[in-house]
Amino acid sequence: MRPASAGPVPADCETLFVVRADGRLVPVTGAGAGAVAPAPGDLLVLLGPVPLTPPAPGRG
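A brief structural summary. Because the structure is a prediction, the values reported are computed rather than measured. (Residues numbered from 1 in each chain as written. Predicted model: local features only at pLDDT ≥ 70, side-chain atom pairs only at ≥ 80, totals over all residues. Heavy atoms only, no water.)

1. What to know about the overall build of the chain
Each helix and strand counted, the chain has zero helices and four strands in total. Reading the chain from its N terminus to its C terminus gives the helix and strand order β-β-β-β. Scored against the burial criterion, the 60 residues of the chain give a buried share of 20%. Counted over contacts in the chain with a minimum sequence separation of 6, partners at least 24 positions apart contribute 53%. (Helix = DSSP H or I, 4+ residues; strand = E, 2+ residues; numbered from the N terminus. Buried < 20%, exposed > 50% of the residue type's maximum accessible area, 1.4 Å probe, protein only. Contact = heavy atoms within 4.5 Å.)

2. Focus: the sheet that holds strand β3 (residues 25–27)
Taken in spatial order, the four strands of this open sheet run β1-β4-β2-β3, and their pairing is antiparallel. Where the open sheet ends on each side, the last strands, each with one partner, are β1 (2–3) and β3. Direction of pairing for strand β2 (residues 14–19) relative to β3: antiparallel, over a ladder of three bridges. Across the sheet, phenylalanine 17 pairs through a bridge with proline 27, a residue of β3. (Pairing = 2+ DSSP bridges.)

3. Let's talk about the nonpolar core
Listed in full, the six residues of the largest apolar core are Ala4, Val18, Val26, Val28, Val36 and Leu44. What alanine 4 contacts, discounting residues up to four positions off in sequence, is Pro38, Ala39, Asp42, Leu43 and Leu44. (Core = buried A, V, L, I, M, F, W, Y, C linked by side-chain atoms within 4.5 Å.)

4. Describing the pattern of salt bridges
In this structure the tally under the stated criterion is two salt bridges. The shortest N-O distance in the salt bridge between aspartate 42 and arginine 20 comes to 2.6 Å. Of this pair, aspartate 42 sits in the loop between β3 and β4 (43–47) while arginine 20 sits in the loop between β2 and β3, and the two are 22 residues apart along the sequence. A salt bridge links arginine 24 to aspartate 22; its shortest N-O distance comes to 3.0 Å. (Salt bridge = Lys/Arg side-chain N within 4 Å of Asp/Glu carboxyl O.)

Laid out in structure tokens, this is it:
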């Protein structure tokens, strides 16, 4: 999950949901790219690759 204000979604990621600032969950899958426009204060739930390196001690 990351703030919508963090810039464009990386090319290797897909947006699954937008969590609106008021807490509503808006599904994006199936709606097509750009069908749900994030607003200030929204969060994006993304699906993307996972790094193969283990997390640093104390971080996971």
